[in-house]
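# A look at the structure
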Amino acid sequence: MSAVGTGTPPVARESIDASGCLVTPGLVNVHHHLYQNLTRAYGPMTDSALFGWLRTLYPLWSVLNEESAHVSAWVGLAELAMAGCTTSSDHLYLHPRDGGDLLSAEIAAARDIGMRFHPTYGSMSLSEKDGGLPPDNVVQDHDEILAASERAVKQHHDRTHGAMVRVALAPCSPFSVTKQLMVDSATLAEQLDVRLHTHFAENDEDDSYSLEKFGCRPTQYLQEVGWLHDRVWLAHCVKPNDDEVRRLGMAGVGVAHCPSSNLILSSGIAPVVKLRAAGVHVGLGVDGSSSADSASLWLEARQAMLLAKLVSGAAVGTARMALEMATRGGAGCLGRLGEIGELSVGCVGDVVVWSLDGPQYAGVVTDPIEGWLRCGPATAKHTIVNGVSVVRHHQLVSNKVDAMLSNHARLARHMQSAAQ
Ligand SMILES: [Zn+2]
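The structure contained in this document is the topic of the report that follows. (Residues numbered from 1 in each chain as written. Predicted model: local features only at pLDDT ≥ 70, side-chain atom pairs only at ≥ 80, totals over all residues.)

### Some thoughts on the overall build of the protein chain
- Regarding its fold elements, the protein chain presents 14 helices and 13 strands.
- Over its C-alpha atoms the protein chain spans a radius of gyration of 20 Å, differing by no more than 12% from the 22 Å that the globule rule assigns to 420 residues.
- Projected onto the principal axes, the alpha-carbon positions of the protein chain cover approximately 65 × 50 × 45 Å.
- Every one of the 420 residues in the protein chain was classed for burial, and the buried ones make up 51%.
- Contacts in the protein chain between residues at least 24 apart in sequence constitute 75% of all its contacts with a sequence separation of at least 6. (Helix = DSSP H or I, 4+ residues; strand = E, 2+ residues; numbered from the N terminus. Rg over C-alpha atoms; globule rule 2.2 N^0.38 Å. Buried ≥ 20, exposed ≤ 12 C-beta atoms within 10 Å, placed from the backbone. Contact = placed C-beta atoms within 7 Å.)

### A word on the pairing of strand 8 (residues 254-257)
- Here strand 8 shows two buried faces, one formed by Gly254 and Ala256 and the other by Val255 and His257.
- With helix 8 (residues 242-251) bridging strand 7 (residues 232-236) and its parallel neighbour strand 8, the resulting β-α-β unit is right-handed.
- Inspection of the sheet shows strand 8 paired to strand 9 (residues 281-284) by four bridges, in the parallel sense. Bridging across to strand 9, Val255 finds its partner in Val282. (Right-handed = clockwise from strand over helix to strand, strands pointing away. Pairing = 2+ DSSP bridges.)

### Notes on the environment of Trp298
- Looking at where Trp298 falls in the secondary structure, it is placed in helix 11 (residues 297-312).
- Look at Trp298 and you get buried, because 26 C-beta atoms sit within 10 Å.
- Discounting residues that sit within four places of it in the chain, Trp298 has contacts with Ala83, Gly84, Gly376 and Ala378.

### Examining unusual backbone geometry
- Along the chain, Gly376 connects to Pro377 via a cis peptide bond; the corresponding omega equals 5°.
- Here Pro377 lies in the loop between helix 13 (368-374) and strand 11 (382-385).
- A positive phi is found at Asp193, a non-glycine position, where the angle reads about 55°.
- Looking at where Asp193 falls in the secondary structure, it is placed in the loop between helix 5 (179-192) and strand 6 (196-200).
- One non-glycine residue with positive phi stands out, namely Ser266, at about 50°.
- With respect to the helices, strands and loops of the structure, Ser266 is situated in the loop between helix 9 (259-264) and helix 10 (272-278).
- In this structure Ser266 comes out as exposed when scored by C-beta crowding, with 12 C-beta atoms within 10 Å.

### Describing the nonpolar core
- Judged by nonpolar contacts, the single largest core of 124 residues is most densely connected at Leu77, Leu297 and Ala301.
- No other element matches the nine residues that helix 2 (residues 66-82) contributes to this core.
- When residues no more than four places from it in sequence are discounted, the contact partners of Leu297 are Leu27, Asn29, Leu80, Ala83, Gly84, Cys85, Leu284, Val286 and Ala326. (Core = buried A, V, L, I, M, F, W, Y, C linked by C-beta atoms within 7 Å.)

### Some thoughts on the sheet that holds strand 10 (residues 351-355)
- Taken in spatial order, the five strands make up an open sheet running 1-10-11-12-13, and their pairing is antiparallel. The open sheet has two edge strands with one neighbour each: strand 1 (21-25) and strand 13 (395-396).
- Relative to strand 13, strand 12 (residues 388-392) is paired through two bridges, and the arrangement is antiparallel. Bridge pairing in strand 13 links Arg392 to Gln395.

### With respect to the packing of helix 2 against helix 3 (residues 102-113)
- Contact geometry of helix 2 with helix 3 gives a least axis separation of 8 Å together with a crossing angle of 35°. As for the relative orientation of helix 2 and helix 3, their crossing is right-handed in sense. Of the residues in helix 3, those in contact with Glu66, Ala69, His70, Ala73, Trp74, Leu77 and Ala78 of helix 2 are Leu102, Ala105, Glu106, Ala108, Ala109, Ala110, Asp112 and Ile113. (Axes fitted to C-alpha atoms, helices over the stretch in contact; angles between N-to-C directions. Left-handed = near helix turned anticlockwise from the far one by under 90°.)

In structure tokens form, the structure reads like this:
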């Protein structure tokens, strides 16, 4: 972005009339598992907490391959763009044997649709036989994970200002990888100068697992494996105690708050107001489409606002706070403050135009931001990524939408039939 202001507009490739609309920075999604939209709202799993939910779905997900990774990412990113997201992360931790190069397949989808993308080379190294949760055929061995992580960074990571693709390393969770893999992933991330991501303190089972297996609380474990620093952003962080909140803030980590997922899996409510006050970069994540099902960052911002009102008081949980988490908070998680998540000179051209008309906004007069998040539901009128329209007049610009949705339906049926 070279200028923001009034007066005569510069000559532009495309002009958009946004009169009467709210214009925000593009929203930034910092936690997702795009492939999970292939098992969305999966019937047998509507009543499970996290660990049981995972054990049932792993066998279905084990048929993931390059085609299903590509199509699910395309559809998932399209869904995000329609609700105003311009940058998304993805935590791809499942690499079934013979599944192919899934990370490259999803990066190709992001490039095709025009979304700014932060995929992570995720990993699992502890299967059921080693005391972990996943079955043997979806985990990899230690050396294979580190080699593939390095390859992915060398092949796809772009360090330049305004990069469309940046890769991070992401062991799935303390209960699905060895302690040594956590340590070695942190060392490799330092060497390659990339970010680190994992699931963290998601629910009570997660806390108990840490105390039982590692003899300490989750934040102490992070410290022991070399993860308590500002290269790290953590998904969930529902259960930290006050001392852990302080330590996470001092370390300058980021947290992906995923309110809908935490509610659907009965995990709890993350203390986001305390985390922000302690200095943590709190962004928002839609989480995987099998646990949160809907992938709208507008919806997550609204849930975050409502939960913050409930936990910390109506005056604290404002629409502005939620918008800040959905934009600059996410930029902080991804190490891109001052580059994405705001409308200022020097930032990339990621902009969303929201119309505030129609029956659901009638009567919004005094505060368009409170109106935007308290009314709705909202979809973006225009979503512009890197200066190019991805959504125009509430419709995806790409001409591949119908073909992708029909492929997705076929692949979802195939994956869900793997359970029978
Ligand atoms: Zn997750």
